[in-house]
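One-letter residues, chain by chain:
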Amino acid sequence: MRDATLASASYPHPAAPHHPTPRPIPPDAAHGARGRPVPPRPRDRRTLTRADWIGAALDALARDGLRAVAVEPLAERLGATKGSFYWHFRDRNALLEAAVAQWERTGTDDVLATLEPIADPVERQHATAAAFASSERDIQIFLVLLWNADHPVIGPAVDRVLGKRMAFSQRCREEAGQSAEQAHASMLYSYSLFLGVLMLRRAAPGMIPESGTPDGLRDYVTTLIRQAAEGFVAPAAT
């Protein structure tokens, strides 16, 4: 009996088969635990920068005007919360002021700095006109700002931008040989036409016969100047 017991201890019975517990399969990154789509996580103040909000505000200005620069629609477009906005800006006017300041810097200060090295003043003046007409986005922003120049944030910026651009243009004309009085007068004529055409394009799109090309707009402005000058001359007696 003792030998049987020892034999049983020496040769244990085979253990029951082991079945490992299956590991749960992690859900797909794009779906929840039940396979439902998970909405994208909105960017918060740690990932959305001040520059993101400023860029979105400038895009809204160019696309839809001043009314579009509002916290909720911008937050929705950026996929952010209003808390992210208030992390970077005190209020809407603070965002508007920062956006306009950036547009002034990139759309006027930086442009004039790149044109300054052009030695020939006539060539520099032509390059200036071409530079300020090259970006449809900047033109649209400028039009919106002009249209809302009575706004307490926008008005001072419009005055600064016009002052810088007009002073640069007048200096080009003086360096080309015009007197200070002539340069000031011709600069005012040019800017009056330029701003008038821009405003008319915004108020009544398609009215100006631009022919879809820069030459068409140039011919229109040339004719406008000639007819305006003829209006100051008494018709010849018949």
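Residues numbered from 1 in each chain as written. Predicted model: local features only at pLDDT ≥ 70, side-chain atom pairs only at ≥ 80, totals over all residues. Heavy atoms only, no water.

## A few points about the overall build of the protein chain
Within the protein chain, the secondary structure is distributed over ten helices and zero strands. Listing each helix as α and each strand as β along the protein chain from the N terminus yields α-α-α-α-α-α-α-α-α-α. Residue burial in the protein chain is summarised as follows: out of 238 residues, 32% are buried. Excluding contacts between residues fewer than 6 apart, the proportion of contacts in the protein chain whose partners are at least 24 apart in sequence is 59%. Carbon and sulfur atoms form 58% of the exposed surface of the protein chain, whose accessible area is close to 15,800 Å². (Helix = DSSP H or I, 4+ residues; strand = E, 2+ residues; numbered from the N terminus. Buried < 20%, exposed > 50% of the residue type's maximum accessible area, 1.4 Å probe, protein only. Contact = heavy atoms within 4.5 Å. Areas by Shrake-Rupley, 256 points an atom, 1.4 Å probe, with all protein chains shown as cover.)

## So, the packing of helix 7 (residues 136-147) against helix 9 (residues 180-203)
It is at 10 Å that the axes of helix 7 and helix 9 come closest, and there the two elements cross at 90°. The angle between helix 7 and helix 9 falls in the class roughly perpendicular. Counting all contacts with helix 7, which are made through Glu136, Ile139, Gln140, Phe142, Leu143, Val144, Leu146 and Trp147, the residues of helix 9 involved are Phe194, Leu195, Leu198, Met199, Arg201, Arg202 and Ala203. Counted by class, the contact of helix 7 with helix 9 contains eleven nonpolar, one polar and three charged residues. (Axes fitted to C-alpha atoms, helices over the stretch in contact; angles between N-to-C directions. Parallel < 35°, antiparallel > 145°, perpendicular 65-115°, else oblique. Nonpolar A, V, L, I, M, F, W, Y, C, P; charged D, E, K, R; others polar.)

## Focus on the nonpolar core
Formed by 44 residues in total, the largest nonpolar core has its most connected members in Trp53, Leu61 and Leu95. Top contributing element to this core by residue count: helix 2 (residues 50-64), with eight residues. Residue contacts for Leu61: discarding those within four places in its chain leaves Leu66, Val69, Leu96, Ile141, Val144 and Leu145. Core analysis: the second largest hydrophobic core is formed by seven residues, Val111, Leu115, Ile118 and Phe132 among them. (Core = buried A, V, L, I, M, F, W, Y, C linked by side-chain atoms within 4.5 Å.)

## Brief notes about the pattern of salt bridges
For the structure on display, the rule yields ten salt bridges. With a closest N to O distance of 3.4 Å, Glu72 and Lys82 form a salt bridge. With Glu72 in helix 3 (residues 71-78) and Lys82 in helix 4 (residues 82-88), the pair connects residues that are ten residues apart, well separated along the chain. Residue Lys82 is classed as partly exposed on the basis of its relative accessible area, which comes to 41%. Between Lys164 and Asp109 there is a salt bridge, and its shortest N-O distance comes to 2.9 Å. (Salt bridge = Lys/Arg side-chain N within 4 Å of Asp/Glu carboxyl O.)

## Things to note about helix 8 (residues 154-175)
Taking 1.5 Å of rise per residue, the 22 residues of helix 8 would be expected to cover 32 Å, and the 32 Å separating its terminal C-alpha atoms lies within 8% of that figure. A positive backbone phi angle near 120° is found at Gly177, which sits one or two residues after helix 8. (Expected span 1.5 Å × (residues − 1).)

## Focus: the packing of helix 2 against helix 3
Running from N to C, helix 2 and helix 3 cross one another at 110°; their axes reach a closest spacing of 10 Å. By the angle class used here, helix 2 and helix 3 are roughly perpendicular. Where helix 2 crosses over helix 3, the two elements pack in a sense that is right-handed. Mapping the contact onto sequence places Asp52, Trp53, Ala56, Ala57, Ala60 and Arg63 in helix 2 and Val71, Leu74, Ala75, Arg77 and Leu78 in helix 3. A breakdown of the residues in the contact of helix 2 with helix 3 according to their chemical character gives eight nonpolar, no polar and three charged. (Left-handed = near helix turned anticlockwise from the far one by under 90°.)

## A closer look at the side chain of Ser169
Topologically, Ser169 is positioned in helix 8. For Ser169, the contacting residues outside a window of four places in its chain are Gln125, Met187 and Tyr191.

## Overview of the packing of aromatic side chains
The final tally for this structure, using the stated rule, is five aromatic pairs. The interplanar angle of 75° and the centroid separation of 5.4 Å between the aromatic rings of Trp53 and Phe85 together place this pair among those described as edge-to-face. One end of the pair, Trp53, is in helix 2; the other, Phe85, is in helix 4, and 32 residues separate them in sequence. A relative accessible area of 0% means that Phe85 is categorised as buried. (Phe/Tyr/Trp six-rings, centres within 6.5 Å; stacked < 30°, edge-to-face > 60°.)

## Remarks on the environment of Ala98
Counting through the fold element by element, Ala98 comes out in helix 5 (residues 92-115). Residue Ala98 is classed as buried on the basis of its relative accessible area of 12%. Distance from Ala98 to Val153, taken between C-alpha atoms, is 9.8 Å for residues 55 residues apart in sequence. Excluding residues within four positions of it along the chain, Ala98 makes contact with Arg50, Ile54 and Phe89.

## Let's talk about the confidence of the model for the protein chain
Averaged over all residues, the pLDDT of the protein chain is 79; the fraction at 70 or higher stands at 70%. Confidence drops under a pLDDT of 50 for residues 27-33, and excluding neighbours within four residues, the segment shows nine contacts in the predicted structure. Across residues 37-46, confidence stays below pLDDT 50; counting only partners more than four residues off in sequence or on other chains, it has 18 contacts. (pLDDT = per-residue confidence, 0-100.)

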